[in-house]
Amino acid sequence: MDVTTTEATTREVAHEITVSAPADAVYRLIAEVENWPRIFPPTIHVDHLEKGEREERIRIWATAGGAPKSWTSHRTLDPDNRRITFRQEVSAPPVAAMGGTWVIEELPGGDSLVRLLHDYRAIDDDPEGLAWIDEAVDRNSRSELAALKENVERAHATRELTFSFEDTVLIEGSAKDVYDFVNEADRWVDRLPHVARVRFEEPTPGLQELEMDTRAKDGSTHTTKSYRVTFPHRAIAYKQVTLPALMTLHTGLWTFEEYPRGVAATSQHTVVLNPDNIQRILGPDATVEDAREYVQGALSTNSRATLGHARDHAEKSR
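Procedures and definitions
Residues numbered from 1 in each chain as written. Predicted model: local features only at pLDDT ≥ 70, side-chain atom pairs only at ≥ 80, totals over all residues. Heavy atoms only, no water. Helix = DSSP H or I, 4+ residues; strand = E, 2+ residues; numbered from the N terminus. Expected span 1.5 Å × (residues − 1). Buried < 20%, exposed > 50% of the residue type's maximum accessible area, 1.4 Å probe, protein only. Pairing = 2+ DSSP bridges. Axes fitted to C-alpha atoms, helices over the stretch in contact; angles between N-to-C directions. Contact = heavy atoms within 4.5 Å. 1 Å grid on protein atoms, 1.4 Å probe; cavity = no way out; pocket = protein on both sides within 12 Å on 5 of 7 lines; lining within 4 Å. Points joined across faces, edges and corners; volume = space filled by probe spheres on them.

Asks: An account of helix H8 (residues 288-316) is requested, with residue identities and associated values reported.
Replies: For H8, built from 29 residues, the straight-helix expectation of 42 Å at 1.5 Å per residue is met to within 8% by its first-to-last C-alpha distance of 42 Å. Where H8 is concerned, the buried positions are Val288, Ala291, Val295, Leu299, Ser300, Ser303, Thr306, Leu307, Gly308, Ala310 and Ala314.

Spelled out as structure tokens, the structure:
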């Protein structure tokens, strides 16, 4: 990491990594923010507020220093020069201002050099705040670049190991009542038989931490931790950060869509399997397809159970 400090206490840092993939492919991956929760470990969810051909405003929810944060950024896309500049509009304390640039350069032989530049200031030029930002930017930048490298270079394997699916339940009730049931995860121990323990926090409205133990069909329990972003009464997006052994990534989205007779409640999942654990957990002859079927079955069972109880709750509340 290269670091420069100006007289105005604006810190400028640079991180870089070499990726064995074409520069245009790397640029597209960074430009498509919808996939960031799958690509970058700190990112929980990204939502477009405005989107033009070269200019856009996005809201990002991500962890920094082990805590969930949210901010809005303006981005300028320059595909011809493979540059993406970004500037936070409203930063989360202790950050006073934050911006930077992604620069993707083509190297001889088809590799790419990815440079991630940041400039930032702390609120009131607080030294402790600046040190916190230094550490968070350095850790997140290294993590983002390493994840970017891995996801691009292992594209073929990732395609085989990545899959998405969804379950939908039609409910004769209101979207608000169904949303409230899913949103009130602190009450799931009493409401959902497959949930054995819950630790729920909402440090800021709409940004939640959810840790829980769930029971599998065989009676075993599994601990997961998720960060959730809520959009009353439309959707709840989440990303698991403590995962069962068969997965290296799990993101999801609950959506609640009104229709003439009630609400269509949908649970969407995107999963990346962990190939190193498939045979250890499912047996020496288990395949990737076996793991997909097992994981989808387990997640779908829990989702449909949750939606079923949400349906009962919403239809009784009419």
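Asks: Give a description of helix H5 (residues 175-183) that names residues and reports values.
Replies: Most of H5 sits out of view: eight of its nine residues are buried. Within the span of H5, buried status applies to Ala175, Asp177, Val178, Tyr179, Asp180, Phe181, Val182 and Asn183.

Asks: Summarise the sheet that holds strand E10 (residues 195-204); cite the residues concerned and give the values.
Replies: Across the sheet, which stays open at both edges, the seven strands sit in the order E9-E15-E14-E13-E12-E11-E10 with antiparallel pairing between neighbours. On the outer flanks of this sheet lie strand E9 (162-171) and E10, each paired with one strand and no other. Going from strand to strand, the sheet's axes swing by 20° on average, the running direction of each strand aside. In the sheet, strand E11 (residues 207-215) pairs with strand E12 (residues 221-231) via nine bridges, with the strands oriented antiparallel. Counterpart to Leu207 in the pairing with E12 is Val229. Running at roughly 155° to strand E14 (residues 247-259), H5 makes contact with E9, E10, E11, E12, strand E13 (235-242), E14 and strand E15 (262-273) of the sheet. Most of the contacts of H8 go to E9, to which it runs at about 20°, and overall it touches E9, E11, E14 and E15.

Asks: Could you give me a rundown of empty space enclosed by the protein, with the residues and numbers involved?
Replies: Any empty space left between atoms is shown by rolling a water-sized probe over those atoms. All chains considered together, the criterion is met by one cavity of 30 Å³ or more. Taken as a whole, the largest cavity encloses approximately 470 Å³ of empty space. Looking at the largest cavity, it is lined by 28 residues, and the ones nearest its centre are Trp71, Gln88, Met98, His118 and Glu144. Those elements that provide at least two residues to the lining of the largest cavity are strand E4 (55-64), strand E5 (67-78), strand E6 (83-90), strand E7 (95-106), strand E8 (112-122) and helix H3 (127-153).

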